[in-house]
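For reference, the chains in residue letters:
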Amino acid sequence: MKMSALERILTVLEGKIPDRVPSFCLGGDFQFVDNFMKSSFALTEEDMTQLDRDKVAYKQPFIHAIIAKFSPPDILPNGLDAKIDLCWQTVGGASILKLDFTDNFITQNGGYFKVLVRDSGIPHFWYTGPALLKKEHIKAYWNKEKELKPNKTSFSQLSKIRRTMLKKYDIVVAQGISGPFENCVFGIGLANFARFARKDPAFLQEHIGFQWETFEKPSLNMLMERKPDIVMCGDDYGFNSGLQINVKYWRKFIKPILANYVNIAHDGGAKFILHSCGDIHEVFPDFVELGIDGVESLKPKNNDLAMYREKYPEITLVGTIDDSEMLIYESPEFIRNSVKESIKLLGKKGGFIPGPTNFLLDHPAENIVALFKAIQEFGKY
Amino acid sequence: MCPMLEDIPAFLYILLWELKIYGKLEKIFPDLQIKMVLLLTDFPPAMLIQIDKGDFKIEPLEDIKDSKDLDNVECDTYMALPIEMLYGGADKILQGIADKKVKINNYKILEILGKIMSVR
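Only a predicted model underlies this, so the values are computations on that prediction, with no experimental measurement involved. (Residues numbered from 1 in each chain as written. Chains lettered and ligands numbered in written order. Predicted model: local features only at pLDDT ≥ 70, side-chain atom pairs only at ≥ 80, totals over all residues. Heavy atoms only, no water.)

Topic: the overall build of chain B
If you tally the helices and strands in chain B, you get 5 helices and 6 strands. Ordered by position in the sequence, the α and β elements of chain B form the string β-α-α-β-β-β-β-α-α-β-α. Oriented by its inertia axes, the alpha-carbon framework of chain B measures out at about 40 × 35 × 25 Å. Taking all 120 residues of chain B together, 46% fall into the buried category. Taking the intrachain contacts of chain B between residues at least 6 apart in sequence as the baseline, contacts between residues at least 24 apart amount to 54%. Looking at chain B as shown, the accessible area adds up to about 6200 Å², and 50% of this sits on carbon and sulfur atoms. (Helix = DSSP H or I, 4+ residues; strand = E, 2+ residues; numbered from the N terminus. Buried < 20%, exposed > 50% of the residue type's maximum accessible area, 1.4 Å probe, protein only. Contact = heavy atoms within 4.5 Å. Areas by Shrake-Rupley, 256 points an atom, 1.4 Å probe, with all protein chains shown as cover.)

Have a look at this one:
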């Protein structure tokens, strides 16, 4: 029996077999929007009339309007018939702070965030480094407690977007906030994290506790008041070959807060998916212990996906289709065959929601269409 | 390679770029030709925003760092205000005008920025 996207996703996250393998897209950056809108797959006037009427959001990096373009024609008449079942959106980090020791913007987590327009005319924004390099910087940041509080309005907007995407386009929007590791490290930097973890653990604990109490916990509570079905939070723990910090410090400082995230989501009746880049095999057993339902990104070059599938059947693997090389440089036919192999390897017992491992950047539109068409083609049980 | 724009002008560029790439800029302002100057008083300098029949250009005005300098700039409309008022939306800006915390020479800039920022 044909399932809705929500039934399909929840079935997989519960460890059961759905009607077919669902698909996932994290979102895309300006360069991808530029590529897509200049391709033969671009949104048409007719598409945009429907999307505007339904109040679907166009904004980067979540690009819901482009994700909706992949719908079957019974949902969007000019749809690409390469359905995406699950996508993402986060809230938080929107506050911009001014602190006395710098002229630059500081975001909610205490990091610098650069917005620029390249010579090509294509904009870009990204985190560029920690601002809170000294203890007095961190204390000055703590004094901004009031400005760091989350804004309730952004959560109600989030809820409207989620309901529209589900009702009109049969697309589940997983929603969440940044995780405790990113919030801490984006603000104080990895070097400070490591130094405080060794030499002043009480201070590090105080900072992590401050962020938890000031905006992470209130944000999660506001999110859960809106009753999302799936909470998905981003917290990049991995480098290409291992964790960014010693696993014992991850367990001491980060894991307890991550456990709070998972518990708040579960207590509110939602499933919890974690987005975490890099090689994260060391903490996979901890993810099982915390009851995390799905882990997303999982670049195949950095992770032994077959081992995860075998050893941790409790956790749904989300993403896994290499976005940093294959989806950029290979042909649509190569991608089609690779998706076929991935589904054969990881998806035959359920527990798999394939999609690009991260935000789409400079990917050719035809490769992304080939990816989602292949999931439709080979994702049958 | 230096980026063409950074920070506040780049933020505004993004809003206009998104409208342009989806073909909405031309739809919303089909015949508009205007030069506007916006100064966020806590993040100077000012920027010149030109919209010209579906296209746009943004340029930082490195010498314009104070609202008193705005009367010397060649433009159709200008506004100077703190960033939190811009974020706060129309009500906050109108209150700021009443409290003389916002300097504005005519309301055209408010109308156009309102339209730009309201697009999803």
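There's plenty left to go through after this.
Let's talk about the overall build of chain A
Assigned secondary structure in chain A consists of 16 helices and 13 strands. For 381 residues, the compact-globule estimate of 2.2 N^0.38 gives 21 Å, and chain A sits close to it at 20 Å. Scored against the burial criterion, the 381 residues of chain A give a buried share of 61%. Partitioning the intrachain contacts of chain A with sequence separation of at least 6 by distance along the chain shows that 72% fall at a separation of at least 24. With the model as given, the accessible surface of chain A reaches about 15000 Å², and the carbon-plus-sulfur share is 52%. (Rg over C-alpha atoms; globule rule 2.2 N^0.38 Å.)

A few points about the interface of chain A and chain B
At the interface, 31 residues of chain A touch 24 residues of chain B. At the boundary of chain A with chain B, total buried surface from both sides reaches about 2600 Å², with 63% on carbon and sulfur atoms. Three residues stand out in chain A for area buried against chain B, namely Phe105(A), Val115(A) and Val117(A), and they jointly supply 24% of the buried area on that side. Run the count over chain A and chain B and you get 5 salt bridges. The interface formed by chain A and chain B includes 9 residue pairs in polar contact (both at pLDDT 80 or more). Going through the elements one at a time, α2 (30–37), α3 (45–53), β4 (111–117) and β5 (123–130) of chain A are the ones with two or more residues in the side of chain A that touches chain B. Here the side of chain A that touches chain B is composed, by residue class, of 19 nonpolar, 2 polar and 10 charged. (Buried area = accessible area lost by both parts, 1.4 Å probe. Salt bridge = Lys/Arg side-chain N within 4 Å of Asp/Glu carboxyl O. Polar contact = N/O pair within 3.5 Å; in protein donor to acceptor, adjacent residues only side chain to side chain. Nonpolar A, V, L, I, M, F, W, Y, C, P; charged D, E, K, R; others polar.)

Here we look at the environment of Asn183(A)
All names here are of chain A. Position of asparagine 183 relative to the elements: it lies in helix α8 (residues 180–188). Residue asparagine 183 is classed as buried on the basis of its relative accessible area of 5%. Along the chain, asparagine 183 and glycine 111 lie 72 residues apart, while their C-alpha atoms are 8.4 Å from each other. Not counting residues up to four positions away in its chain, the partners in contact with asparagine 183 are Asn109, Ser178, Gln211, Phe215, Glu216 and Tyr261. At a separation of 3.4 Å, a polar atom in the side chain of asparagine 183 contacts the main-chain carbonyl oxygen of serine 178.

A closer look at the packing of aromatic side chains
Residues and elements named next belong to chain A. For the coordinates displayed, the defined rule picks out 28 aromatic pairs over all chains. Members of the aromatic cluster, connected to one another through ring pairs, are Phe181, Phe193, Tyr237, Tyr249, Trp250, Phe253, Phe284, Phe287, Tyr308 and Tyr312. The side chain of lysine 135 reaches across the aromatic face of phenylalanine 203, ending 4.6 Å from its centre. (Phe/Tyr/Trp six-rings, centres within 6.5 Å; stacked < 30°, edge-to-face > 60°. Lys NZ or Arg CZ within 6 Å of the ring centre and 35° of its normal.)

Describing α8(A)
Of all 9 residues that make up α8(A), 8 are buried, and the element is covered over most of its length. Listing the buried residues of α8(A) in full gives Pro180(A), Phe181(A), Glu182(A), Asn183(A), Cys184(A), Val185(A), Gly187(A) and Ile188(A).

A word on the nonpolar core
Residues and elements named next belong to chain A. Ranked by size, the top nonpolar core spans 155 residues in total, and within it Phe193 and Phe287 carry the most contacts. Per element, the largest residue contribution to this core is 12 residues, and it comes from helix α11 (residues 247–267). When neighbours within four sequence positions are excluded, phenylalanine 287 is seen to be in contact with Tyr237, Trp250, Leu258, Leu274, Ile280, Ile292, Val295 and Ile315. Grouped together as the second largest cluster of nonpolar side chains are 18 residues, Leu6, Val12, Phe62 and Ile230 included. (Core = buried A, V, L, I, M, F, W, Y, C linked by side-chain atoms within 4.5 Å.)

Re the packing of α2(A) against helix α1 (residues 7–21) of chain B
In the contact formed by α2(A) and α1(B), the axes pass within 11 Å of each other and the chain directions differ by 20 degrees. Judged on the interaxial angle alone, α1(B) and α2(A) are roughly parallel. Seen from above, α2(A) lies across α1(B) with left-handed handedness. Side by side, α2(A) and α1(B) meet where Phe30(A), Val33(A), Asp34(A) and Met37(A) of the first sit next to Ile14(B), Trp17(B), Glu18(B) and Ile21(B) of the second. When the residues that make up the contact of α2(A) with α1(B) are grouped by side-chain class, the tally is 6 nonpolar, no polar and 2 charged. (Axes fitted to C-alpha atoms, helices over the stretch in contact; angles between N-to-C directions. Parallel < 35°, antiparallel > 145°, perpendicular 65-115°, else oblique. Left-handed = near helix turned anticlockwise from the far one by under 90°.)

Brief notes about the layout of surface pockets
Residue and element names in this part refer to chain B. When its volume is computed, the second largest pocket comes out at roughly 340 Å³. If you go around the second largest pocket, you meet 16 residues; those closest to its centre are Glu6, Asp7, Pro9, Pro44 and Pro45. For the lining of the second largest pocket, the secondary-structure elements that each account for two or more residues are β1 (5–6) and α1. By residue number, the principal contributor to the lining of the second largest pocket is α1, which donates 3 residues. (1 Å grid on protein atoms, 1.4 Å probe; cavity = no way out; pocket = protein on both sides within 12 Å on 5 of 7 lines; lining within 4 Å. Points joined across faces, edges and corners; volume = space filled by probe spheres on them.)

Concerning the sheet that holds β1(B)
Taken together, the 3 strands give an open sheet; going across it, the order is β5(A)-β4(A)-β1(B), and neighbouring strands pair in antiparallel fashion. Of all the strands in the sheet, the pair left with one neighbour each is β5 of chain A together with β1 of chain B. Pairing geometry for β4(A) and β1(B), over 2 bridges, is antiparallel. Counterpart to Val117(A) in the pairing with β1(B) is Leu5(B). Sitting on the sheet, α8(A) is in contact with β4 and β5 of chain A, with an inclination near 80 degrees to β5(A). (Pairing = 2+ DSSP bridges.)

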